[in-house]
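# Understanding the architecture of this molecule
The residues making up each chain are set out below.
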Amino acid sequence: MKTHFQKQRLLPAAKSVKDFEKLLESSYEYIVMLDCHLAQLPPLMRLAHQHQKKVILHVDLIQGLKNDEYAAEFLCQMVKPAGLISTRTPVVQVAKKRKIIAIQRVFLLDTHALETSYRLLQLSQPDYIEVLPGIIPHVIKEVAAITKIPILAGGLIRTKQELESALEAGAVAITSSNKKLWHIK
C-alpha cells in the first residue's frame, strides 16, 4: 500500500507555534499543526514552505474558524496545506474533492463509537483514518481490515514500544505531540 508518508513512521504534531518552529528545523517532511489561530496560518505556512515542510492542519482546532465545509474550502484555496484532519465528514469530503490529503479522525471510545465511525467512513472515504487512542493494536488491525483505508494512530502513545505496537498492528504512521517521541525515525 503506497502512502504519502513512506519515509516517515512518525508525524510530529505541534501544539503551539514554538513547537511548530522547532519542527521546521527537523528532518521531518510532513508535520501536523494542531492548535493555532486563524491569523497565524499565513505566516506559518510561508515558513513551512521556506523549510520544505508539508503541513497537515487539524481543522477542528483552528481558533477563529468554524470546522465546516466552508472553512475547509477556505483553507484549501487560501492557505493550501498538504492535508486536513477533521472529525467532520463534510470537511474530509472537501479535502478529497480539492485533492489534498484527507484524514478522518475517529475516537474509538466504545463499540457504538466504532460502529458509528464505520458508517461515517463509508461516506467520507478519506485517504487516511486517524484512530484515537492509538494504543489499542487489536482495534487498529480491525479498522484497517474492515475499511481497507490506511491508518494513522494517535493519542496516548507515550513510548517507543507503544509506537512500534501500533505500527505492527497496521498503522502506516503515528501522529504524536509527545516531544519525547519526535527523535524516532
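Below is a summary of the structure that appears in this document. (Residues numbered from 1 in each chain as written. Predicted model: local features only at pLDDT ≥ 70, side-chain atom pairs only at ≥ 80, totals over all residues. Heavy atoms only, no water.)

With respect to the secondary-structure elements, T89 resides in helix α4 (residues 89-97). Expressed as a C-alpha distance, the spacing of T89 and P126, which sit 37 residues apart in the sequence, is 8.8 Å. Contact partners of T89, with chain neighbours within four places excluded, come to Q104, L120, L123 and S124. (Helix = DSSP H or I, 4+ residues; strand = E, 2+ residues; numbered from the N terminus. Contact = heavy atoms within 4.5 Å.)

Two elements in contact, α4 and helix α5 (residues 111-124), have axes separated by 9 Å at closest approach and are oriented at 30 degrees. Of the possible angle classes, the one that applies to α4 and α5 is roughly parallel. Read as a crossing pair, α4 and α5 show a hand that is right-handed. Contact residues: α4 offers T89, V92, Q93 and K96, while α5 offers L120, L123 and S124. (Axes fitted to C-alpha atoms, helices over the stretch in contact; angles between N-to-C directions. Parallel < 35°, antiparallel > 145°, perpendicular 65-115°, else oblique. Left-handed = near helix turned anticlockwise from the far one by under 90°.)

For the rest of this paragraph, the subject is the sheet that holds strand β7 (residues 101-107). The strand order around the closed barrel formed by 8 strands is β1-β2-β4-β6-β7-β8-β9-β10, and the pairing between neighbours is parallel. When strand polarity is set aside, the average angle formed by the axes of neighbouring strands in this sheet is 25 degrees. Taken together, the 4 bridges between strand β6 (residues 83-86) and β7 define a ladder with parallel strand orientation. In the strand pairing of β7, G83 is matched with I101. Across the sheet, α4 touches β6 and β7, and the angle it forms with β7 is around 160 degrees. Packed on one face of the sheet, α5 meets β7 and β8 (128-132) and runs near 165 degrees to β7. (Pairing = 2+ DSSP bridges.)

A regular strand places its side chains so that they alternate between the two faces of the sheet. Within strand β1 (residues 10-14), 5 of the 5 residues are buried, which leaves it mostly tucked inside the rest of the structure. The alternating pattern of β1 places L10, P12 and A14 and L11 and A13 on opposite faces, both of which are buried. Pairing of β1 with strand β10 (residues 171-176) involves 3 bridges; the strand directions are parallel. Bridged to L11 within β10 is T175. The pairing of β1 with strand β2 (residues 30-33) spans 2 bridges and is parallel. Residue pairing across strands places A13 opposite V32, the latter belonging to β2. This β-α-β element, β1 to helix α1 (residues 17-24) to β2, shows right-handed connectivity. (Buried < 20%, exposed > 50% of the residue type's maximum accessible area, 1.4 Å probe, protein only. Right-handed = clockwise from strand over helix to strand, strands pointing away.)

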